[in-house]
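# Descriptive structure summary
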There are 2 protein chains.
Amino acid sequence: MDADVIVAGGGVIGTAIAWRAARTGLKVILVDPGGGDPVNDDPRTSDRASLVAAGMLGPVSESVFGEQDLLNLNLHAIDRFPSFNAELEQAANTTTGLRTEGTLAVAYDNGDLAALDRLTDFRHSIGLKAERLDARECRRREPFLAPSTRGGVLATGDLSVDNRRYLAALRQAAARAGVATIKDKATEVTGTTLRTATKKLTARHVVVAAGHATRAIDGLPDEVRKAIRPVKGQILRLRHPGNLPHILTHTVRAIVQGHDLYLVPRMDGELVVGATQEERDDRDVTAGAVHDLLRDATTAVPAVSELVFAEASAGLRPGTSDNGPILGLAGDGGPLIAAGHYRNGILLSAGTADAVTALLCGQDPHPAWLPFTPGRFRKITA
Amino acid sequence: MDADVIVAGGGVIGTAIAWRAARTGLKVILVDPGGGDPVNDDPRTSDRASLVAAGMLGPVSESVFGEQDLLNLNLHAIDRFPSFNAELEQAANTTTGLRTEGTLAVAYDNGDLAALDRLTDFRHSIGLKAERLDARECRRREPFLAPSTRGGVLATGDLSVDNRRYLAALRQAAARAGVATIKDKATEVTGTTLRTATKKLTARHVVVAAGHATRAIDGLPDEVRKAIRPVKGQILRLRHPGNLPHILTHTVRAIVQGHDLYLVPRMDGELVVGATQEERDDRDVTAGAVHDLLRDATTAVPAVSELVFAEASAGLRPGTSDNGPILGLAGDGGPLIAAGHYRNGILLSAGTADAVTALLCGQDPHPAWLPFTPGRFRKITA
């Protein structure tokens with residue numbers, strides 16, 4: 001027995017689980033091909049969706065009508081996030097760049113305005129705060145918005161966090177809590193044994209939290225592996241040159257020529273622009289995606305063209321066949337799975353760590369997780 | 001006396017001079033802050049215009065009407081280039097990616113077509129080959145050109161070279177010929193003495209070939225320093241993904257929405273897209289420039305959007321007040337200057353190395369260089 005818990009996967013999900021499990025006193029080993037090596041944090045070399053994210057924490061704007069279970073889960077997750085983040089910042093003795101100004105969704109035509117009105121009504125119906133603003137009010141709060149802005153809605157409950165600082169803080173906290181990291185790639189899991197290319201590790205519990213790579217691990221139920229799909233996302237990181245004041249305060253969302261666009265400002269002058277959603281599993285940054293994101297961003301906020309182009313990167317979000325995450329035991333005596341977090345990995349990380357730690361300690365996770373067990377993909381063949 | 005010749009500046013101009021001088025038997029020291037270190041070849045950290053270039057060798061298309069002296073010089077330079085390049089490839093035992101398919105200039109409207117006709121007439125008048133092609137012929141030769149292409153002109157005499165391979169070959173040849181490299185920055189030159197932050201070097205001849213940084217070296221005549229100006233250029237490097245055949249064979253030039261655009265294909269699948277010309281001296285890559293280059297490139301060749309976005313970089317071309325290079329002695333007993341090559345550094349490097357080596361050996365350079373002495377910037381105050 002090498003540990004109480006082995007976690008396969010060192011992104012935000014796996015690292016959050018490892019930290020929280022170690023904090024309860026369990027001996028934890030984290031297995032990841034990057035191994036937490038800062039060099040491997042380069043999104044050009046690291047296959048890690050956590051690095052290619054904007055860090056938006058907007059449970060409603062990331063859900064679509066009809067995904068009520070997922071919305072419930074996201075609302076539970078955002079309730080939990082600030083306290084979890086505060087504990088994390090204390091444990092890691094660092095900051096994660098949490099921002100609380102909220103999200104300003106803007107409209108450019110009557111169709112956009114009508115869609116925003118429906119979203120506002122929906123937000124109000126579930127008790128969230130969302131304030132309808134006319135064009136003048138939008139530009140008073142964000143003076144660099146394009147003059148063509150017709151109006152918008154300010155969602156004051158939305159948060160954002162610097163996803164890279166957040167992952168670095170989780171690593172730091174995990175290391176301080178005694179988590180041991182092994183730089184290797186999980187290839188097979190059977191019950192409480194995890195194999196890598198060179199090692200065989202055993203523990204009381206194995207947790208698979210390997211994102212889209214979960215589908216490549218032998219021994220997991222076929223229906224779970226098949227339910228996971230990679231969804232490519234390309235994203236830009238811009239920076240303010242020294243002489244320019246920050247051009248945005250809120251996260252700004254818009255639909256530009258039919259494309260969903262978001263712009264997420266950071267305290268340190270970074271502006272993240274995202275993102276594409278492509279049903280592909282390569283990680284090439286394409287000229288077309290960079291062009292389209294810059295075109296849409298400069299349409300929404302023309303001063304974006306003055307910013308420094310710092311990085312374009314592509315990652316693979318772990319989508320599932322019903323767009324919901326997967327959390328629970330994979331069959332009797334099988335490993336625990338915490339994967340398929342799709343576009344909500346950062347948001348759901350705190351809640352996922354709580355839920356998995358509860359299961360490891362023989363307790364029930366929060367009921368919002370109930371619809372998201374691995375068993376839901378099993379075909380009824382009776 | 002530390003050497004026969006000290007060359008300040010390790011871009012294509014300084015390195016070509018150092019190589020050719022060493023080949024004549026002179027003892028040569030090359031002084032450069034990057035020091036020929038491959039790590040410093042990263043255009044994000046190295047202040048070297050040679051790395052941020054497309055390698056087009058098109059003497060006519062890079063000249064404008066009215067710059068007859070510069071055109072003469074460029075024509076002399078391109079005559080010399082292939083034999084120089086062949087000697088270089090042999091000396092360095094490598095290839096520089098010389099391409100000889102020529103440049104296809106394309107037009108999108110009647111105004112573009114008329115401008116191309118004038119260029120064709122001009123090329124014919126100076127004995128160059130340029131063939132007028134209708135739209136069908138353009139797209140037969142370059143099938144990925146936009147359907148809106150109206151016609152074009154094929155300049156068969158134009159060449160291109162991989163600027164990074166070319167600089168690497170020059171370095172290799174220089175090292176093999178015995179050139180010693182000192183990693184340091186020239187700060188002051190007086191006659192035959194060169195000072196750096198930490199050293200004082202003397203030689204029979206000092207050659208200053210420091211590009212735009214030449215203006216920052218103390219001891220050079222004020223009028224020469226003032227004549228040099230940095231002209232920022234931003235450029236993109238795209239790559240073909242594995243499954244895509246190369247989308248261009250010729251260098252393609254176009255005017256898109258008033259912007260001059262060029263696309264230079266390499267044998268290894270790289271496609272260079274350039275470039276901006278900005279009267280600025282920062283090296284920030286901006287979101288606006290990346291957007292505009294991608295917009296124009298996809299307008300001219302829509303399939304560009306399928307390519308992988310590999311790099312965006314910015315460099316400072318060493319412009320001068322009359323756009324011509326500077327070559328010759330800076331006053332009696334002063335250093336030799338070979339700087340201010342603006343957009344023609346690669347093209348002029350072979351001819352510059354010949355001319356400076358001639359001067360070092362007490363001979364006259366080719367007469368095409370006569371209009372480009374440092375003395376031309378001296379005010380007549382009699």
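None of the values given here were measured: they were computed from a predicted structure. (Residues numbered from 1 in each chain as written. Chains lettered and ligands numbered in written order. Predicted model: local features only at pLDDT ≥ 70, side-chain atom pairs only at ≥ 80, totals over all residues. Heavy atoms only, no water.)

Moving on, we get to the overall build of chain A. Counting secondary structure elements, chain A contains 8 helices and 18 strands. A compact globule built from 382 residues should have a C-alpha radius of gyration of about 21 Å, and chain A, at 21 Å, falls within 12% of that. Taken along the three principal axes of its C-alpha coordinates, chain A extends 65 × 50 × 40 Å. In chain A, buried positions account for 57% of the 382 residues. Looking at chain A as shown, the accessible area adds up to about 15,300 Å², and 50% of this sits on carbon and sulfur atoms. (Helix = DSSP H or I, 4+ residues; strand = E, 2+ residues; numbered from the N terminus. Rg over C-alpha atoms; globule rule 2.2 N^0.38 Å. Buried < 20%, exposed > 50% of the residue type's maximum accessible area, 1.4 Å probe, protein only. Areas by Shrake-Rupley, 256 points an atom, 1.4 Å probe, with all protein chains shown as cover.)

Here we take up the sheet that holds strand S13 (residues 251–256) of chain A. Residue and element names in this part refer to chain A. With mixed pairing, the 8 strands of this open sheet are ordered in space as S5-S6-S4-S13-S14-S15-S12-S16. What marks the edges here is a single partner per strand, and that holds for strand S5 (131–134) and strand S16 (308–320). Taken over all neighbouring pairs, the strand axes of this sheet differ in orientation by 25 degrees on average, direction set aside. When S5 meets strand S6 (residues 151–155), the two strands line up antiparallel, connected through 4 bridges. Within the sheet, the bridge partner assigned to Arg132 lies in S6 and is Val153. Strand contacts of helix H7 (residues 287–300): strand S12 (228–239), S13, strand S14 (259–265), strand S15 (270–274) and S16, with the helix running at about 75 degrees to S14, the strand carrying the most contacts. (Pairing = 2+ DSSP bridges. Axes fitted to C-alpha atoms, helices over the stretch in contact; angles between N-to-C directions. Contact = heavy atoms within 4.5 Å.)

The subject of this paragraph is the sheet that holds strand S13 (residues 251–256) of chain B. Residue and element names in this part refer to chain B. Pairing within the open sheet is mixed, and its 8 strands lie in the order S5-S6-S4-S13-S14-S15-S12-S16. Across the chains shown, the open sheet's two edge strands, defined by having one partner strand only, are strand S5 (130–134) and strand S16 (308–320). Here the strands of the sheet are splayed against their neighbours by 20 degrees on average, with no regard to which way each runs. Bridge analysis of S5 against strand S6 (residues 151–155) gives 5 bridges, and the strand direction is antiparallel. Paired with Leu133 across the bridge in S6 is Gly152. In this fold helix H3 (residues 110–125) packs onto strand S4 (103–107), S5, S6 and S13, with an angle of close to 25 degrees to the strand it touches most, S6.

It is worth spelling out the packing of helix H2 (residues 68–92) of chain B against helix H8 (residues 345–360) of chain B at this point. Residues and elements named next belong to chain B. Close contact between H2 and H8 brings their axes to 8 Å; oriented N to C, the two are set at 85 degrees. Of the possible angle classes, the one that applies to H2 and H8 is roughly perpendicular. Side by side, H2 and H8 meet where Leu73, Asn74, Ala77, Ile78, Arg80, Phe81 and Phe84 of the first sit next to Ile346, Leu347, Leu348, Ser349, Ala350, Gly351, Ala353 and Asp354 of the second. Broken down by class, the residue content of the contact of H2 with H8 amounts to 10 nonpolar, 3 polar and 2 charged. (Parallel < 35°, antiparallel > 145°, perpendicular 65-115°, else oblique. Nonpolar A, V, L, I, M, F, W, Y, C, P; charged D, E, K, R; others polar.)

By size, the foremost hydrophobic cluster in this structure holds 66 residues, and its most contacted members are Leu263, Val290 and Phe309 of chain A together with Leu263, Val290 and Phe309 of chain B. Those residues within four positions of Val290 of chain B in sequence are excluded, and the remaining contacts are Val290, Leu294 and Phe309 of chain A together with Leu236, Val285, Phe309 and Ala312 of chain B. (Core = buried A, V, L, I, M, F, W, Y, C linked by side-chain atoms within 4.5 Å.)

Further remarks concern the interface of chain B and chain A. With 18 residues of chain B at the contact, the number on the chain A side is 18 residues. Between chain B and chain A the total buried area reaches about 1,400 Å² when both faces are included, carbon and sulfur atoms providing 68% of it. Among the residues of chain B in contact with chain A, Ala287, His291 and Phe309 of chain B are the three that bury the most area, contributing 36% of the side total. Across the contact surface, chain B and chain A share 0 salt bridges. Where chain B meets chain A, there are 6 residue pairs in polar contact (both at pLDDT 80 or more). Secondary-structure elements contributing two or more residues to the side of chain B that touches chain A are helix H7 (287–300) and S16 of chain B. Partitioned by chemical class, the residues of the side of chain B that touches chain A number 11 nonpolar, 4 polar and 3 charged. (Buried area = accessible area lost by both parts, 1.4 Å probe. Salt bridge = Lys/Arg side-chain N within 4 Å of Asp/Glu carboxyl O. Polar contact = N/O pair within 3.5 Å; in protein donor to acceptor, adjacent residues only side chain to side chain.)

Opposite charge on two side chains makes pairing possible when the charged atoms of those side chains draw close. Residues and elements named next belong to chain A. Counted by the stated rule, this structure contains 52 salt bridges over all chains. Here Asp354 and Arg80 are joined by a salt bridge, their closest N and O atoms 2.6 Å apart. Placement of the pair is Asp354 in helix H8 (residues 345–360) and Arg80 in helix H2 (residues 68–92), with a sequence separation of 274 residues. Across the pair Arg165 and Asp162 runs a salt bridge, and its minimum N-O distance is 3.6 Å. The class of Arg165 is partly exposed, set by a relative accessible area of 36%.

Right, let's get into the packing of aromatic side chains. As enumerated under the stated definition, the model contains 5 aromatic pairs over all chains in all. Between Phe81 of chain A and Tyr166 of chain A the ring centres are 5.4 Å apart and the planes differ by 35 degrees, which places this aromatic pair in the tilted class. Of this pair, Phe81 of chain A sits in helix H2 while Tyr166 of chain A sits in helix H5 (residues 163–176), placing them 85 residues apart in sequence. By the burial criterion, Phe81 of chain A is buried, and Tyr166 of chain A matches it. For the cation-ring pair, Arg20 of chain A lies above Trp19 of chain A, with the distance from its terminal atom to the ring centre recorded as 4.8 Å. Here Arg229 of chain B stacks its cationic end above the ring of Tyr342 of chain B, 5.5 Å away from the centre of that ring. (Phe/Tyr/Trp six-rings, centres within 6.5 Å; stacked < 30°, edge-to-face > 60°. Lys NZ or Arg CZ within 6 Å of the ring centre and 35° of its normal.)

Here we take up empty space enclosed by the protein. All names here are of chain B. Counted by the stated rule, this structure contains 3 cavities of 30 Å³ or more. Grouping the constituent residues of the lining of the largest cavity by class yields 2 nonpolar, 6 polar and 3 charged. Space inside the second largest cavity adds up to approximately 40 Å³. In this structure, the second largest cavity is lined by Arg99, Glu101, Gly102, Asp158, Leu159, Ser160, Thr249, His250, Thr251 and Pro265. (1 Å grid on protein atoms, 1.4 Å probe; cavity = no way out; pocket = protein on both sides within 12 Å on 5 of 7 lines; lining within 4 Å. Points joined across faces, edges and corners; volume = space filled by probe spheres on them.)

Residue and element names in this part refer to chain A. Among the structural elements, Ile29 can be located in strand S2 (residues 28–32). Given a relative accessible area of 7%, Ile29 falls into the buried group. If we skip the residues at most four places from it in the chain, Ile29 touches Asp2, Ala3, Val5, Ile6, Val7, Ala180 and Ile182.

In this section: the domain arrangement of chain A. All names here are of chain A. Assigned domains within chain A: domain 1 (3–77 + 163–228 + 321–377) and domain 2 (99–159 + 230–320). Its C-alpha centre places domain 1 at a distance of 28 Å from the equivalent point of domain 2. Opposite the 40 residues of domain 1 that make contact, domain 2 presents 32 residues. Across the domain 1 to domain 2 interface the summed buried area is about 2,800 Å²; carbon plus sulfur atoms make up 59%. Linking domain 1 with domain 2 are 2 salt bridges, by the criterion used here. Between Glu311 and Arg164 there is a salt bridge, with its nearest N and O atoms 2.7 Å apart. Here domain 1 and domain 2 share 12 residue pairs in polar contact (both at pLDDT 80 or more) between them. Along the lines of polarity and charge, the residues of the side of domain 1 that touches domain 2 split into 18 nonpolar, 13 polar and 9 charged. (Domains from an automatic or database assignment.)

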